[in-house]
Amino acid sequence: MIHGHVTAWVLALILFFVALSLNKGGKAKGFKIIQMILRVLYLVIIATGIGLLFSVYKIDVWYILKAVAGLWVIGLFEMILGRVANKRRTSVFWIQFVIAWLLVLYLGFEKLPMSIFNV
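Residues numbered from 1 in each chain as written. Predicted model: local features only at pLDDT ≥ 70, side-chain atom pairs only at ≥ 80, totals over all residues. Heavy atoms only, no water.

**So, the overall build of the protein**
In plain terms, the rule: A run of H or I in DSSP counts as a helix once it spans at least four residues, and a run of E counts as a strand once it spans at least two, with each numbered from the N terminus. Under the scheme applied here, a residue whose accessible area is under 20% of the maximum for its type counts as buried, over 50% as exposed, and between as partly exposed, the area being computed with a 1.4 Å probe on protein chains only. Note on contacts: a residue pair is in contact if any heavy atoms of the two residues lie within 4.5 Å.
Each helix and strand in the protein was counted, giving four helices and zero strands. Across its three principal directions, the C-alpha atoms of the protein cover 50 × 25 × 20 Å. Of all 119 residues assigned to the protein, the portion counted as buried reaches 37%. Counting only contacts in the protein whose residues sit at least 6 apart along the sequence, the fraction spanning at least 24 positions is 72%.

Structure representation (structure tokens):
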């Protein structure tokens, strides 16, 4: 389950940057298609994340913080893509994205014992 979760968010991150480049290149149809695929990947990420959360013997506050930060990242994906599509400023969202992404990576790979490096 961990590998599926990591694979889904790596694909989401790659497709997020592909969508940004498609939008910058003026390819609105390709941007919309990638955005819809990303939304399906969000569901996969959330489903595997919930599965991982319920497979833990004792749910600690760190797991809850990781889940909230993960949902924050997904929300920021959507907010950045929506604002980019409407040609609005995204600088505040990019700062939040970097902070949330680093928090999720720290919690997922360093702080929590159920990491792909510990399995």
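**A look at unusual backbone geometry**
The backbone of K87 shows a phi angle near 55°, a positive value even though the residue is not glycine. Structurally, K87 can be placed in the loop between α3 (61–85) and α4 (91–111). Residue class for K87 comes out exposed when judged on its relative accessible area of 71%.

**Quick word on helix α1 (residues 2–24)**
Selection criterion: For a helix, the expected span equals 1.5 Å multiplied by the number of residues minus one.
For α1, built from 23 residues, the straight-helix expectation of 33 Å at 1.5 Å per residue is met to within 8% by its first-to-last C-alpha distance of 33 Å. One or two steps after α1, the chain reaches G26, where phi turns positive at roughly 85°.

**Examining the pattern of salt bridges**
When charged atoms on two side chains of opposite charge get close, those side chains can pair. This is how it is decided: Here, a salt bridge means any side-chain nitrogen of Lys or Arg that lies within 4 Å of a carboxyl oxygen of Asp or Glu.
Applying the stated criterion to the full structure yields one salt bridge. Across the pair E78 and R39 runs a salt bridge, and its minimum N-O distance is 2.9 Å. Pair noted here: E78 is in helix α3 and R39 is in helix α2 (residues 28–54), with a separation of 39 residues, a long-range link. Residue classification places E78 among the partly exposed residues on the basis of a relative accessible area of 23%. Residue class for R39 comes out partly exposed when judged on its relative accessible area of 33%.

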